[in-house]
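# Remarks on the overall topology
Okay, here's what each chain looks like letter by letter:
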Amino acid sequence: KPVVAKSKASKPAEKALKAAKAVKKGIQKKPTRKIRTKIHFYRPKTLKLARKPKYPRRSVPKTNKLDQYQILKYPLTTESAMKKIEE
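Worth saying up front: this structure is predicted, and the values here are computed from it rather than measured.

We now examine the overall build of the protein chain. Looking only at helices and strands, the protein chain has 3 helices and 0 strands in total. N-terminal to C-terminal, the α/β element order of the protein chain is α-α-α. The proportion of buried residues among the 87 residues of the protein chain is 2%. Surface exposure of the protein chain reaches about 10800 Å², of which carbon and sulfur atoms provide 60%.

Below, the structure is given as structure tokens:
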């Protein structure tokens, strides 16, 4: 505790100490209740994590069905494809 000398500065110092103590203590007031505005209860939306698989579900990756030989056997005959062939 600080020792305060009895002088003219004594009263403001005591007042300041009292105020500091009150600020430190804070104001204790009755907790308020939340006012319910809706009659239905909606479950709160929680965190949805993305999937992190431990292993792949397919043992072998898919192969490209339209490889270089398939394109020669069955060429694409749409208008845009024909235009590209002509150029």
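That covers the picture; the talk isn't over yet.
Looking now at the packing of aromatic side chains. Across all of its chains, the model carries 0 aromatic pairs by this definition. Sitting over the ring of Y55, R57 keeps its end group 4.3 Å from the ring centre.

This part takes up the environment of N64. Looking at the secondary structure, you find N64 in the loop between α1 (10-25) and α2 (68-73). Its relative accessible area of 58% is what places N64 among the exposed residues. One polar contact links the side chain of N64 to the main-chain amide nitrogen of L66, over a distance of 3.3 Å.

Cut-offs used in this document
- Residues numbered from 1 in each chain as written.
- Predicted model: local features only at pLDDT ≥ 70, side-chain atom pairs only at ≥ 80, totals over all residues.
- Heavy atoms only, no water.
- Helix = DSSP H or I, 4+ residues; strand = E, 2+ residues; numbered from the N terminus.
- Buried < 20%, exposed > 50% of the residue type's maximum accessible area, 1.4 Å probe, protein only.
- Areas by Shrake-Rupley, 256 points an atom, 1.4 Å probe, with all protein chains shown as cover.
- Phe/Tyr/Trp six-rings, centres within 6.5 Å; stacked < 30°, edge-to-face > 60°.
- Lys NZ or Arg CZ within 6 Å of the ring centre and 35° of its normal.
- Polar contact = N/O pair within 3.5 Å; in protein donor to acceptor, adjacent residues only side chain to side chain.

Function cannot be inferred from these measures alone, as they are strictly geometric.
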